[in-house]
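Residue-level structural notes
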Amino acid sequence: MTFRDAALPLAAELGLRDVEVRGDALTIGHDAPPGRLTITARVPDAIERLRLEAIVDPGERRLELDVGLTATGVTLTALRPWLVPLGITPELRDGSLSLRLHATAAERDTTVVLDTELKDLSLRDQDDLLLQLRRVTGAGLTLGGERLDVGTWQVVEPYAAIHRDADQVVHALGLAFTAPAARTDGQDQPQPAPRRADAATSEPAAADAAATEPAPLPRYGELSVRGGVLDLTSATYQDQTFSLGLDASVGPGGDADAAGSQRVPFRTALRIGEAVRRAELAGELALTDGTYTVRGDLDLEGIDGSRLRIVLPESLDCTLADGSLTAKFALAATPGDTAEVALDLSNLALRDRDQELFAIDRVQLALPAISAERLHLRELRIDGVRAEVALVPDGTQLP
């Protein structure tokens, strides 16, 4: 089997070879003993060997799958004609991918309920670990009802490694990411937005669209990430690894309260290596009378600027020794062809130990009309701005 793309400047092909499919006692639709399905293949110049093994356990109104997938000799070289124009270059020398998936689908009245678990995901290039995931579990995803129920999901110990070289090229997942190649045929040139022939006749339609209420938030239990780690390295600082850890949760939520508002709590806690001792963002998302509102608190403490160099431009240097950043915020948005946005930011303060470097008591911004044709700024108010600026031999210190 060969796919040929003649739309590229130089026609490219992607082939699937040595395909072998074996099935044993496969049954779907009624109770029967489990069956087995095995598929093997190779993709020339991309995947040397691909193997999928599945155990299929059928039932009268249910289906259970246990799938294992492995790929070896992964280079993705055959995908270069499609990836390189997007600024992506395959770099895998001898990659390998493995994962396991367990899923159950059950029919209940007019809905289908899905439970799934993805585990033991691993992507390597020879001895280098590029991506790893211990487990993702999802329970109670319900399709086909009047309202989507996402169920409860948990992501446990995801890991990824990212490297930035001396040319500022980012390397991740066995790929190098640069700016996309410029097109010379004019196909990617932005086209001007069409002008309205009759603004008066289109205003009622815009008003009707703006009056349309957004869809209700889906129901779900807690959505969480536990023990996430992202390792960042840079050619500029070869002796440092900047590790970003993540624990986050959203929900449970989606059901309206007595006042008709749907409220969803969220919390995110970051572990930023030795650069930030604690970084937490917590609050809630609410949907009331067609308006989305996000309220929360931002709290960072123990900021060590010398440990942030690896993620800052070379022209910047953070001088914080034991810094902190706090703020409260509320952002409200009413979507539509003419959207409305309001921001209220208060108690913003940046400190280093006991010294205040920058602070704003309150920022209020009101944009009652945002559309393709206009932007209406009704109010911008900033109260209580304080900042400390210092001139030093090596440059200017800003908060």
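Everything quoted here is computed from the prediction, not taken from an experiment.

**Notes on the overall build of the protein chain**
When helices and strands are tallied, the protein chain shows two helices and 25 strands. Residues counted as buried form 28% of the 399 residues belonging to the protein chain. Looking at the protein chain as shown, the accessible area adds up to about 24200 Å², and 55% of this sits on carbon and sulfur atoms.

**Some points on the pairing of strand E17 (residues 276-288)**
The pairing of strand E16 (residues 262-272) with E17 spans ten bridges and is antiparallel. Paired with Arg263 across the strands is Ala286, a residue of E17. Adjacent in sequence and paired antiparallel, E16 and E17 are bridged by three residues, among which Gly273 carries a positive phi angle near 50°. Both E17 and strand E18 (residues 291-303) contribute to a ladder of twelve bridges, which runs antiparallel. Bridge pairing in E18 links Ala286 to Thr293. Where E17 folds back onto E18 in an antiparallel hairpin, the turn is made up of two residues, including Asp289, whose phi is positive at roughly 50°.

**Some points on the side chain of Asp5**
Position of Asp5 relative to the elements: it lies in strand E1 (residues 2-5). Of the buried charged residues, Asp5 lacks a salt bridge, with Arg4 as the closest side chain of opposite charge at 8.5 Å. In this structure the side chain of Asp5 is engaged in a polar contact, spanning 3.0 Å, whose partner is the backbone nitrogen of Ala7. A distance of 2.8 Å separates the side chain of Asp5 from the side chain of Trp82, its partner in a polar contact.

**Notes on the environment of Ala32**
Among the structural elements, Ala32 can be located in the loop between strand E3 (17-24) and strand E4 (35-43). Along the backbone, Ala32 and Asp57 are 25 residues apart, and their C-alpha atoms lie at a distance of 7.4 Å. With residues near it in sequence (within four places) discarded, Ala32 still touches Thr27, Asp57 and Pro58.

**Regarding the pairing of strand E2 (residues 12-15)**
Here is the key point about a regular strand: its side chains alternate between the two faces of the sheet. Two strands pair when backbone bridges link them, and E1 and E2 are joined in this way by four bridges, in the antiparallel orientation. Each residue of the ladder has a partner; that of Asp5, found in E2, is Ala12. In textbook terms, the turn of a hairpin is the stretch between consecutive antiparallel strands, and for E1 and E2 this stretch comprises six residues.

**Quick word on the pattern of salt bridges**
The full count for this structure, using the stated rule, is 25 salt bridges. Here the salt bridges share partners, and the residues they tie into one network are Arg267, Arg278, Glu280, Asp299 and Glu301.

**Examining the confidence of the model for the protein chain**
Confidence along the protein chain averages 85 in pLDDT terms, with 86% of residues attaining 70 or more. Taken together, the stretch residues 195-203 has pLDDT below 50 and engages in three contacts with residues farther than four places along the chain or on a different chain.

**Description of the environment of Tyr159**
Along the chain, Tyr159 turns up in strand E11 (residues 149-164). Sequence separation between Tyr159 and Leu244 is 85 residues; the distance between their C-alpha atoms is 9.8 Å. Contact partners of Tyr159, with chain neighbours within four places excluded, come to Leu129, Leu130, Leu131, Gln132, Val229 and Asp231. One polar contact links Tyr159 to Asp231, side chain to side chain, over a distance of 3.0 Å.

**Quick look at the side chain of Ser122**
Within the secondary structure, Ser122 is located in strand E9 (residues 111-125). By relative accessible area, which is 14% here, Ser122 ends up buried.

**Comments concerning the environment of Asp149**
In this structure, Asp149 sits in strand E11. Sequence-wise, Asp149 and Arg219 are 70 residues apart; in three dimensions their C-alpha atoms are separated by 4.6 Å. The contact partners of Asp149, leaving out residues within four places of it in the chain, are Gly140, Leu141, Thr142, Arg219 and Tyr220. Separated by 3.0 Å, the side chain of Asp149 and the backbone nitrogen of Gly151 make a polar contact.

**Focus: unusual backbone geometry**
The phi angle of most residues is negative, glycine excepted, and most peptide bonds adopt the trans form. Across the junction of Gly251 and Pro252, the peptide omega takes the value 0°, indicating a cis bond. Residue position: Pro252 is located in the loop between strand E15 (241-250) and E16. Phi at Asp18 is positive, roughly 50°, even though this residue is not glycine. The topology assignment puts Asp18 in strand E3. Its identity is not glycine, yet Ala25 carries a phi of approximately 60°, on the positive side. Assignment of secondary structure puts Ala25 in the loop between E3 and E4. By relative accessible area, Ala25 is classed as exposed at 52%.

Parameters at a glance
Residues numbered from 1 in each chain as written. Predicted model: local features only at pLDDT ≥ 70, side-chain atom pairs only at ≥ 80, totals over all residues. Heavy atoms only, no water. Helix = DSSP H or I, 4+ residues; strand = E, 2+ residues; numbered from the N terminus. Buried < 20%, exposed > 50% of the residue type's maximum accessible area, 1.4 Å probe, protein only. Areas by Shrake-Rupley, 256 points an atom, 1.4 Å probe, with all protein chains shown as cover. Pairing = 2+ DSSP bridges. Lys, Arg positive; Asp, Glu negative; His and termini not counted. Salt bridge = Lys/Arg side-chain N within 4 Å of Asp/Glu carboxyl O. Polar contact = N/O pair within 3.5 Å; in protein donor to acceptor, adjacent residues only side chain to side chain. Contact = heavy atoms within 4.5 Å. pLDDT = per-residue confidence, 0-100.

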